[in-house]
Amino acid sequence: FTIASALGNLFTLDVTPPKFHTLAVADPAAVDLIGAWDPHAPSGSNVVKIQVVAQLDEAGTVYCRATRSDSGEASLEINRIISA
């Protein structure tokens, strides 16, 4: 008699975060994003869309949030990114 024979196969959750196979920002000129205006932007603002390409090594969700370089935020907490 062994514990393994009594319990059978045990599976545990994988808590290792996924890795990025691809993480890139598309060139706006190459994918014609210049002039793709945000309908929610203030009138007369110069808003250009940014296309981010991400591929994980397993199923998952990638969250992304743009922030200005002069915003004073050195890093974004996950809750601020998800709430975008």
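Everything below is about the structure shown above.
Every value quoted in this text rests on a predicted model; they were computed, and no experiment measured them.

## Description of the overall build of the chain
Secondary structure assignment for the chain yields 2 helices and 2 strands. Put simply, the chain runs from its N terminus to its C terminus through helices and strands in the order α-β-β-α. In the chain, which comprises 84 residues, the proportion classed as buried is 5%. Across the chain, every contact between residues at least 6 apart in sequence was considered, and the portion connecting residues at least 24 apart equals 48%. About 7,500 Å² of surface is accessible on the chain, with carbon and sulfur atoms providing 56% of the total.

## Overview of the environment of Val-62
Considering the arrangement of structural elements, one finds Val-62 in the loop between β2 (52-56) and α2 (78-82). With a relative accessible area of 39%, Val-62 lands in the partly exposed category. Spatially, the C-alpha atoms of Val-62 and Ile-82 are 9.6 Å apart, while their sequence positions differ by 20 residues. The residues touching Val-62, leaving out its near neighbours within four places in the chain, are Phe-20, Ala-54 and Leu-56.

## A word on the pairing of strand β1 (residues 20-25)
A small share of β1 lies buried, amounting to 0 of its 6 residues. Across 5 bridges, β1 lies against β2 in antiparallel orientation. Note on β2: the bridge partner recorded for Phe-20 is Leu-56.

## Let's talk about the environment of Lys-19
By secondary structure assignment, the location of Lys-19 is in the loop between α1 (3-7) and β1. Lys-19 has contacts with Gln-55, Leu-56 and Asp-57, leaving out every residue within four places of it along the chain.

## Regarding the environment of Thr-61
For Thr-61, the location among the structural elements is in the loop between β2 and α2. In this structure the C-alpha to C-alpha distance between Thr-61 and Pro-18, which are 43 residues apart in sequence, comes to 9.8 Å.

Reading the values: rules and limits
- Residues numbered from 1 in each chain as written.
- Predicted model: local features only at pLDDT ≥ 70, side-chain atom pairs only at ≥ 80, totals over all residues.
- Heavy atoms only, no water.
- Helix = DSSP H or I, 4+ residues; strand = E, 2+ residues; numbered from the N terminus.
- Buried < 20%, exposed > 50% of the residue type's maximum accessible area, 1.4 Å probe, protein only.
- Contact = heavy atoms within 4.5 Å.
- Areas by Shrake-Rupley, 256 points an atom, 1.4 Å probe, with all protein chains shown as cover.
- Pairing = 2+ DSSP bridges.

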